[in-house]
Each structure stands twice: as structure tokens, then as C-alpha cells.
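The chain contents come next:
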Amino acid sequence: FVGGACKMLTCMLLVFLPAMCVPLTDAASVPNIFFILADDLGYGDLGVYPNPSSPHGRIATPNIDALSKESLMFTDAYAGSTVCAPSRCALMTGRHTGHCTVRQNGEILNNTTDVTVASVLRKAGYHTGMIGKWGLGYGNSSTSPNGKGFDYFYGYIDQEHAHDYYPSYLWLNNATVNIKENENASRSKCGSPLTSNCVWSQDLFVSETLSFLKNASKDDKPFYLFLSFTTPHAGGVGTDAESGVPAPYELPQYKNQSWPMVERDFASVISIQDQQVGEVLKALDTFGLTDNTVVFYASDNGAHNEGGHNYMFFESSGPLRGYKRSLHEGGVRSPLLVRWPGVAQGGEVSDQQWGFWDFLTTAADLANVPASSLPPNLDGYSLVPTLKGEKQSQPKRPFWLGPGP
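The structure reproduced in this document is the subject of the present report.

Counting buried positions along strand 4 (residues 152-156) gives five out of five residues, so the element sits mostly inside the fold. Here strand 3 (residues 127-133) runs beside strand 4; their pairing, made up of five bridges, is parallel. Residue Gly-129 lies in a different strand from strand 4, and its bridge partner there is Tyr-152. Of the pairings in the sheet, the one linking strand 4 to strand 5 (residues 169-172) comprises two bridges and is antiparallel in character.

Written as C-alpha cells, this is what we have:
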């Protein structure tokens, strides 16, 4: 009788509160969603995107190149902004910078009005996780990842904190976790010019990602995982000033190049990120998750020109004009690869325009969340028909509000 009463109550709720009800999903009926975001990676920094005149050759990205052969590759995808925080606001909330509440670095999401893609998917029955750089709120608050829909979080919450590649602590959900090896980190302690005596946060992110995926393989729920790298953004070591991209080691193919150290580091961290992407994609295979996981790979804005790095050294914007902080194409156009096994045609190229504000609507469509259950006043559309090989009209012109410094 109790079970029958519960079913009756559920039906009554469905009848009287239709706008508040989101059908719960299970892992067999909808795909997992795995979004990998690079930080300040230029359109021309990946081997699969055009870069016809790089004076120092191409940076090696074999794993991402291989991913492109299994993915639909987009030539006209756009980040949410020319800098980190507003771009991530657009990605999380489905609103472009004319409407989202974070319009420049240092601002945070609204406590009550900003509904994120993680909140939408969690209500639909997804287990939601984020690893890496948040940059949209404060720790242990309603603007932290846990306060904005993520069941699990490990990484940086504060925008400025994320510039320290070797932090003395990171956040695990709403508490800090000390990293003993990085106490009083500096270039003299961690090593100079290389920093192998300390722990690089990005290595920790990959380790946490592997654990998350292993646990997800044992769960009946589908998952949404947001892996937010901090490279190749310029970084620092402990309290030392942000300079270069202080890698823990140089890859052999760059070690003997007669380039400035900062450029050898820059190439190394991109190739290391490529190796790490390969590692987490292999984990999807190992844990039997590949066939039912949609993988997105993109960058939060255009190539940077900071910390002593010159974006022209590798022609990081490729054929595009401008770079990070610029409203020219080189500041906002992003590489975008989407792998959906058995659905999206691998190795194909699409000129369908898509912006970060389209991700929430796209993810909701993948999760079978009805439009009536989405937050109001979204700016995006769903890319799912294009992923399925269907023809879509181009969306209205993208919109960006240029951020402050």
C-alpha cells in the first residue's frame, strides 16, 4: 500500500507541477557528457587546425589529432569571451556576455539567479563532477562548484589562485586539502628552470579524473564531468610572480631546440596536456565508458601573449587575426572537437557556428531534458541535430561584450 501511495503521489506531482519535474535518467538511456577545456589554447596550437606559417614548426598533439579523427571537428566554434571568467560563465549558464552576470575576470556568479548546466543535469539524474579551474566564485559558498550543481569538485575555485601551478592547497568539495610538497613553493625550492621538486596541479587533476571515471563505471547514473585544465595559461610557482608556463619537465622533442626557455615550456605544456587527454580517453576505454560518452574538447579563449610568451612564436592564432583579450577572431574562436561514438561522424569537418552559450542547451538535449525544464532566457541552441548529421540553419550572429582588463 505504501508503494502504491508513493506512486499516486508521484503522479499527482507530475500532473500539478509539470514545469518543475525533470524525468530522471539512467546510464543506459542517455550518454555521459565529458567536457575537456584548455586554458588560453590558440586556434593554431593543435596539429589538426590550420597554421600555415608557424616559423618554428607545429607543436606535437598526437592524441588530440587522433581524437579529431573520431570526432566531428568544428571550424567556426566560439568561446564565451576573450578572457577566462566570462567565457566560463557563458559555458556554465547558457547565456552570452550580454546577459550573463560575469563580464570580466574577478566577478562571480549570482547566488540565486545563475543556474548552471551542472544543476540542470543533476536534476535530470546525472552524477556531476568538476576537476580543475572554476574561477566563478568563492570557496565554501553558494558560488562554489558544489553550490552551483556539482556533486564533486577538486581544484581551484579562485581565479587568481589558479595562476599558481604549484599551489600549497586545492579544494576538495568545500574544504581545502594541503599539498605538503608545495608548502612555501618557489622556483628555488621547486627547481629552476624546471620545477620537478614540487607537485604540478595538473598531474593531480588527471589522477582525480581517472578515479572519477573508475567510480562512474560502477554507478547506475550517467555522469557529467567537466575537466578544466590550467594550461597553457601563463603561470607562477607559489608566491613568485606569474611568468612563463613553468613546466615540471621538458619533453625530449623540445629540450634541445635553440628557443627561449619560455617557448620550450609553452610547447611542452601543450604536448603534456595532449598526453593527459590521451590518458583520460584511454581510461574511458579501460572502464567501458567510451561507447556511451560524448566528449567535447575546446579552449576558453584565444591564444595568450603573457608571461614572456609571444603568441607569434608558433603563430598560435593560426590564420586568424588577434589573440586573447581581443574581439578579433583570434581572441574568441576556439577549436572544438565532439566525439559521440556511433552517432557523430568521425573525421568530418563542420562549419556550423556554435558558441559556449550553446553548451547548456546541447547538454540538456543529450540528456533528454525537456525545454520546459530549462532556465528562462537562454541564448543558446542545441547542436545535437548537427552531431546526428542533420542540417541546421546557422544561428544568429554571436555576441560578445568586451571585458575589462
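Having put the structure on the table, let's press on.
This part takes up helix 2 (residues 62-69). In an α-helix, one full turn covers 3.6 residues, which means residues spaced three or four apart are oriented alike. Burial in helix 2 covers these residues: Ile-64, Asp-65, Leu-67 and Ser-68. Each buried residue of helix 2 lies within a common arc of 155 degrees when the element is viewed along its axis, so the set occupies one face. Opposite the packed face of helix 2, turned more than 90 degrees from it, sit the exposed residues Pro-62 and Lys-69. Against helix 8 (261-286), strand 8 (293-299) and strand 9 (333-339) lie the buried residues of helix 2.

Within the largest apolar cluster, 57 residues are counted, with the highest numbers of intra-cluster contacts made by Phe-34, Ile-36, Leu-213, Phe-223 and Tyr-297. For this core, the elements supplying multiple residues, two or more each, are strand 1 (32-39), helix 2, strand 4, helix 6 (201-216), strand 7 (223-232), helix 8 and strand 8. The biggest single contributor to this core is helix 8, with ten residues. Once residues within four sequence positions are removed from consideration, Leu-213 is found in contact with Phe-34, Phe-223, Leu-225, Val-280, Ala-283, Leu-284, Phe-287 and Leu-289. By size, the runner-up hydrophobic cluster in this structure holds 56 residues, among which are Cys-89, Val-102, Trp-357 and Val-369.

A few words now on the pattern of salt bridges. Following the criterion strictly, the structure yields ten salt bridges and no others. The salt bridge involving Glu-70 is made with Arg-339; its shortest N-O contact spans 2.8 Å. Within this pair, whereas Glu-70 is found in the loop between helix 2 and strand 2 (72-78), its partner Arg-339 is found in strand 9, the two being separated by 269 residues in sequence. Classification of Glu-70 as partly exposed rests on a relative accessible area of 43%. One salt bridge in this structure joins Lys-324 and Glu-306, with 3.4 Å as the shortest N-O distance. Of this pair, Lys-324 sits in the loop between strand 8 and helix 9 (329-332) while Glu-306 sits in the loop between strand 8 and helix 9, placing them 18 residues apart in sequence. Comparing Lys-324 with Glu-306, the two get one shared label, buried. Residues participating in the shared-partner salt-bridge network are Asp-39, Arg-88, Lys-133 and Asp-300.

The next subject is the side chain of Arg-95. The topology assignment puts Arg-95 in the loop between helix 3 (84-93) and helix 4 (117-123). Although Arg-95 is buried, it makes no salt bridge; Asp-114 carries the closest opposite charge, 4.1 Å away. In terms of polar contacts, Arg-95 uses its side chain to reach the backbone carbonyl oxygen of Pro-376, at 2.7 Å. Among the polar contacts made by the side chain of Arg-95, one reaches the main-chain carbonyl oxygen of Asn-377 at a distance of 3.3 Å. Setting aside residues no more than four positions away along its own chain, Arg-95 makes contact with Ala-90, Cys-100, Thr-113, Asp-114, Trp-357, Pro-375, Pro-376, Asn-377 and Asp-379.

Here we take up unusual backbone geometry. Across the junction of Ser-192 and Pro-193, the peptide omega takes the value 5 degrees, indicating a cis bond. With respect to the helices, strands and loops of the structure, Pro-193 is situated in the loop between helix 5 (187-190) and helix 6. The amide bond that connects Thr-231 to the next residue, Pro-232, takes the cis arrangement and shows omega of 5 degrees. You can see Pro-232 is positioned in strand 7. In this model, Asn-173 sits at a positive phi of 55 degrees, which is unusual for a non-glycine residue. Within the secondary structure, Asn-173 sits in the loop between strand 5 and strand 6 (175-178).

Another point: the packing of helix 2 against helix 8. Between helix 2 and helix 8, whose axes approach to 7 Å, the crossing angle comes to 50 degrees. It follows that helix 2 is oblique to helix 8 by the angle criterion. When helix 2 is examined against helix 8, the residues Pro-62, Asn-63, Ile-64 and Leu-67 are found in contact with a partner set consisting of Asp-274, Gln-275, Val-277, Gly-278 and Leu-281. Considered class by class, the residues forming the contact of helix 2 with helix 8 number five nonpolar, three polar and one charged.

Moving on to the environment of Leu-172. Looking at the secondary structure, you find Leu-172 in strand 5. The spatial distance from the C-alpha of Leu-172 to the C-alpha of Phe-153 is 5.8 Å, given a sequence separation of 19 residues. With near-sequence residues (within four places) excluded, Leu-172 lies in contact with Tyr-152, Phe-153, Tyr-154 and Val-177.

Turning next to the packing of aromatic side chains. Under the counting rule described, the total for this entry stands at 25 aromatic pairs. With a centroid separation of 5.2 Å and an interplanar angle of 55 degrees, the aromatic rings of Tyr-78 and Trp-400 are classed as tilted. Linking Tyr-78 in strand 2 with Trp-400 in the segment after helix 11 (384-387), this pair joins segments that are 322 residues apart in sequence. The exposure classification of Tyr-78 matches that of Trp-400, with both residues buried. The interplanar angle of 80 degrees and the centroid separation of 5.8 Å between the aromatic rings of Tyr-156 and Phe-205 together place this pair among those described as edge-to-face. With Tyr-156 in strand 4 and Phe-205 in helix 6, the pair connects residues that are 49 residues apart, well separated along the chain. Pair check on accessibility: Tyr-156 and Phe-205 agree, each one buried.

Quick notes on the rules
- Residues numbered from 1 in each chain as written.
- Predicted model: local features only at pLDDT ≥ 70, side-chain atom pairs only at ≥ 80, totals over all residues.
- Heavy atoms only, no water.
- Buried < 20%, exposed > 50% of the residue type's maximum accessible area, 1.4 Å probe, protein only.
- Helix = DSSP H or I, 4+ residues; strand = E, 2+ residues; numbered from the N terminus.
- Pairing = 2+ DSSP bridges.
- Arc of directions from axis to C-beta.
- Contact = heavy atoms within 4.5 Å.
- Core = buried A, V, L, I, M, F, W, Y, C linked by side-chain atoms within 4.5 Å.
- Salt bridge = Lys/Arg side-chain N within 4 Å of Asp/Glu carboxyl O.
- Lys, Arg positive; Asp, Glu negative; His and termini not counted.
- Polar contact = N/O pair within 3.5 Å; in protein donor to acceptor, adjacent residues only side chain to side chain.
- Axes fitted to C-alpha atoms, helices over the stretch in contact; angles between N-to-C directions.
- Parallel < 35°, antiparallel > 145°, perpendicular 65-115°, else oblique.
- Nonpolar A, V, L, I, M, F, W, Y, C, P; charged D, E, K, R; others polar.
- Phe/Tyr/Trp six-rings, centres within 6.5 Å; stacked < 30°, edge-to-face > 60°.

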